[in-house]
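# Observations on the three-dimensional arrangement
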Amino acid sequence: MFAISHFGGIIPRLADHMLAEYQATVAHDVKLRNGRLEAWRVPCQFGREPVANAKMFWLYGCCMPSWTQIMDVATIGPDWGGYFMTDHCGTGLQYVAVDECCNETARAYGIAAPYNAPFVNASEECSRDADARSYVYTCVDEHGAESAPSPASNIIRVNDGTSVTISGLVATDNAVEINIYRSASGFRQMDGKVQTPVTEFLYVDTIPAGQSSYTDEIRTLALGSALETQYDRMPPRGMTGLISIGDQVRLAAFIRNRIFFSEQFQPHNWPAKYDLTLDHNIVRMMVQDQRIFVTTDSVPYIIDVSNCDDTKCTPVSQLEFPLPDIGCVRPHGAIMTEHGMFYASPVGIILLQANGQWHIVTSKWFGRDEWARLMPDTIRMAYWEGYLVFATDMATFMLDLNGKPYGDMSDGELCTLSIRPDDLLVSNTGKLLYLEDNKVWVWDGGDKYMSYIWESRHIVSDNKAYGNNEQAAMSLADSPLWWPTEIKMSGEATVELYDSNFHKVFDRFLADTKAHKIRRCGRHPWYKLTLTGSGNVYSISLGNSSFTAYRGQ
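First, a word on scope: everything that follows refers to the structure included in this document. (Residues numbered from 1 in each chain as written. Predicted model: local features only at pLDDT ≥ 70, side-chain atom pairs only at ≥ 80, totals over all residues. Heavy atoms only, no water.)

Another point: the side chain of aspartate 304. Its location among the elements puts aspartate 304 in strand S26 (residues 301-304). Of the side chains bearing the opposite charge, arginine 291 lies closest to the buried aspartate 304, which forms no salt bridge; the N-O distance is 4.4 Å. Here the side chain of aspartate 304 touches serine 306 through a polar contact of 2.7 Å, side chain to side chain. (Helix = DSSP H or I, 4+ residues; strand = E, 2+ residues; numbered from the N terminus. Buried < 20%, exposed > 50% of the residue type's maximum accessible area, 1.4 Å probe, protein only. Lys, Arg positive; Asp, Glu negative; His and termini not counted. Salt bridge = Lys/Arg side-chain N within 4 Å of Asp/Glu carboxyl O. Polar contact = N/O pair within 3.5 Å; in protein donor to acceptor, adjacent residues only side chain to side chain.)

This is the structure we're talking about:
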């Protein structure tokens with residue numbers, strides 16, 4: 001008697017004879033989470049169309065940007081009216097404004113400092129009341145972001161309130177306004193007896209970006225606040241791997257082995273004081289709970305950015321075991337989940353946790369050789385309702401982590417899928433979306449069911465030649481002479497049974513729980529069951545029946 005009451009998935013690294021009775025050699029497009037065979041619904045097409053030859057897509061509210069290359073996309077907040085992105089071609093940080101009709105306008109982000117020093121002219125004074133001053137100016141973009149100052153002008157000596165002409169004001173790209181500042185000296189009291197002179201550039205006025213000169217007649221007491229952008233820096237050109245550190249409202253990106261951070265609430269300003277240099281070339285960065293997970297061409301790092309002071313974001317934890325990230329060919333080659341970061345290494349998919357612990361998630365199913373044959377450098381992944389869906393240019397798999405991606409994962413089941421996605425993404429509403437044939441599809445979103453295939457391991461029969469006395473002592477259920485002689489299934493599916501000579505012994509659609517007689521099979525080394533269909537299957541058994549067993553008398 002052979003019975004299957006719990007259906008499992010495939011384990012490619014094991015030979016057929018090493019599989020358990022409930023495990024499969026083929027489990028394709030089948031849902032195995034509940035221990036029975038169930039069908040997925042057919043995919044349905046998503047409402048929006050990607051661009052021609054799209055390789056990646058993303059969701060921004062109800063809009064769906066798509067690209068023909070890999071992009072790194074991040075948002076700061078809905079009130080910005082758009083998103084930020086970098087590519088892998090060294091273009092640098094870009095801002096994409098999105099209107100209500102999903103029309104996009106992209107431009108290089110950041111406001112460059114003016115490179116021309118202004119020139120000032122006035123009737124100079126030599127009296128004791130005269131004040132030596134110089135001027136600088138900054139550029140301001142449409143979001144109110146202010147650049148670093150220009151070089152200082154020539155120094156002039158004038159009385160307070162004297163008319164001073166400032167010329168040579170040249171606005172940089174993206175500027176809509178120019179802020180003018182002039183130097184003013186005062187004293188900072190160090191203790192009760194000593195005062196230290198201090199000079200600041202104080203705000204004078206704002207003019208339109210196209211205006212090249214200005215006349216200053218403002219008295220010192222009417223000047224505004226001091227200039228605060230002396231140390232501001234443009235986003236470094238060539239950055240890639242853009243991420244958003246949500247709790248701190250700041251961005252981060254990298255160039256080779258160097259990480260850059262923007263100032264809080266200032267995505268245009270990337271101060272040099274925050275720069276970090278690692279020992280290895282960075283492949284990607286992802287963030288969770290104010291920790292940045294950094295994968296490289298060697299060891300991974302975890303950076304705690306919860307306390308970024310005026311020097312560096314620390315501490316930086318480096319794992320000692322080399323676990324390089326090789327999935328850099330396709331978009332979404334790694335994903336962040338509540339369990340940690342999943343990414344592809346030469347030994348399998350790695351789960352990297354915030355505490356520095358790591359696991360080879362796929363070790364139960366793929367050895368190093370089997371994993372290499374899948375071309376893991378082309379991987380793209382998504383984590384959906386406890387399933388890790390990953391595809392390479394060779395095959396697509398669905399691994400049921402069942403919410404427990406730790407330890408030996410004995411409860412996990414693996415199956416293959418018929419889809420061949422170029423990209424995978426889980427929407428904010430919890431739908432699994434994928435890009436295939438230049439269309440975006442919703443997995444398990446249709447009104448009909450897909451057909452699955454589940455094939456058992458080799459079912460080994462007893463091939464021993466028994467004598468008459470031995471057969472007489474056996475019960476009907478144990479008799480080996482004509483095993484099996486009946487099939488009994490609970491569920492709805494087409495059942496096929498093959499013997500070791502690849503002869504089809506049985507082929508019928510079953511939809512009841514009655515036993516079905518099959519012809520006498522004789523003694524064969526093994527049999528194999530194949531179940532196809534879209535109905536639920538709860539159990540199936542092979543065995544002898546009382547009306548076919550022959551006792552050899």
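Moving on to the packing of aromatic side chains. With the rule as written, the count across this model stands at 20 aromatic pairs. When the centroid spacing of 5.8 Å and the interplanar angle of 50 degrees are considered together, the rings of tyrosine 95 and tyrosine 109 count as tilted. Highlighted residues: tyrosine 95 in strand S10 (residues 94-98) and tyrosine 109 in the loop between strand S11 (104-108) and strand S12 (119-121), separated in sequence by 14 residues. Tyrosine 109 matches tyrosine 95 in its accessibility class, with the two residues each being buried. Ring centres of phenylalanine 390 and phenylalanine 397 lie 5.4 Å apart, and the angle between their planes is 25 degrees; on these two criteria the pair is classed as stacked. (Phe/Tyr/Trp six-rings, centres within 6.5 Å; stacked < 30°, edge-to-face > 60°.)

In this section: the pairing of strand S41 (residues 486-491). With three bridges joining them, S41 and strand S44 (residues 515-517) adopt antiparallel strand pairing. Paired with glutamate 486 across the bridge in S44 is lysine 517. One ladder, built from six bridges, connects S41 with strand S46 (residues 537-543); its direction is antiparallel. Residue pairing for S46: serine 490 is matched across the bridge by serine 539. (Pairing = 2+ DSSP bridges.)

Attention now moves to the pattern of salt bridges. The final tally for this structure, using the stated rule, is 19 salt bridges. Arginine 133 serves as the salt-bridge partner of aspartate 216, at 3.6 Å between the closest nitrogen and oxygen. In this pair, aspartate 216 is assigned in strand S19 (residues 214-216) and arginine 133 in strand S13 (residues 131-133), connecting sequence segments 83 residues apart. An identical accessibility class is assigned to aspartate 216 and arginine 133; each is buried. Salt bridges sharing common partners tie together Arg133, Asp160, Arg182, Asp216 and Arg219.

Looking now at the nonpolar core. Core analysis: the largest hydrophobic core is formed by 64 residues, its most contacted members being Phe390 and Trp443. In contact with phenylalanine 390, not counting residues within four places along its chain, are Ile349, Phe366, Trp371, Ile379, Arg380, Met381, Ala395, Thr396, Phe397, Leu399 and Leu414. Ranked by size, the runner-up nonpolar core spans 17 residues in total, among them Leu278, Met285, Tyr301 and Ile303. (Core = buried A, V, L, I, M, F, W, Y, C linked by side-chain atoms within 4.5 Å. Contact = heavy atoms within 4.5 Å.)

Further remarks concern the pairing of strand S42 (residues 493-499). Note on strand geometry: in a regular strand, side chains alternate between the two faces of the sheet. Across the seven residues that make up S42, a large majority, five, are buried. Bridge count for S42 against strand S43 (residues 504-510) is six bridges, and the pairing is antiparallel. Looking at the pairing, threonine 494 lines up with phenylalanine 509 of S43. Between S42 and S43, which pair antiparallel and follow one another directly, the connecting turn spans four residues, one of which, phenylalanine 502, has a positive phi of 65 degrees.

As far as function goes, none of this settles anything; it's purely spatial.
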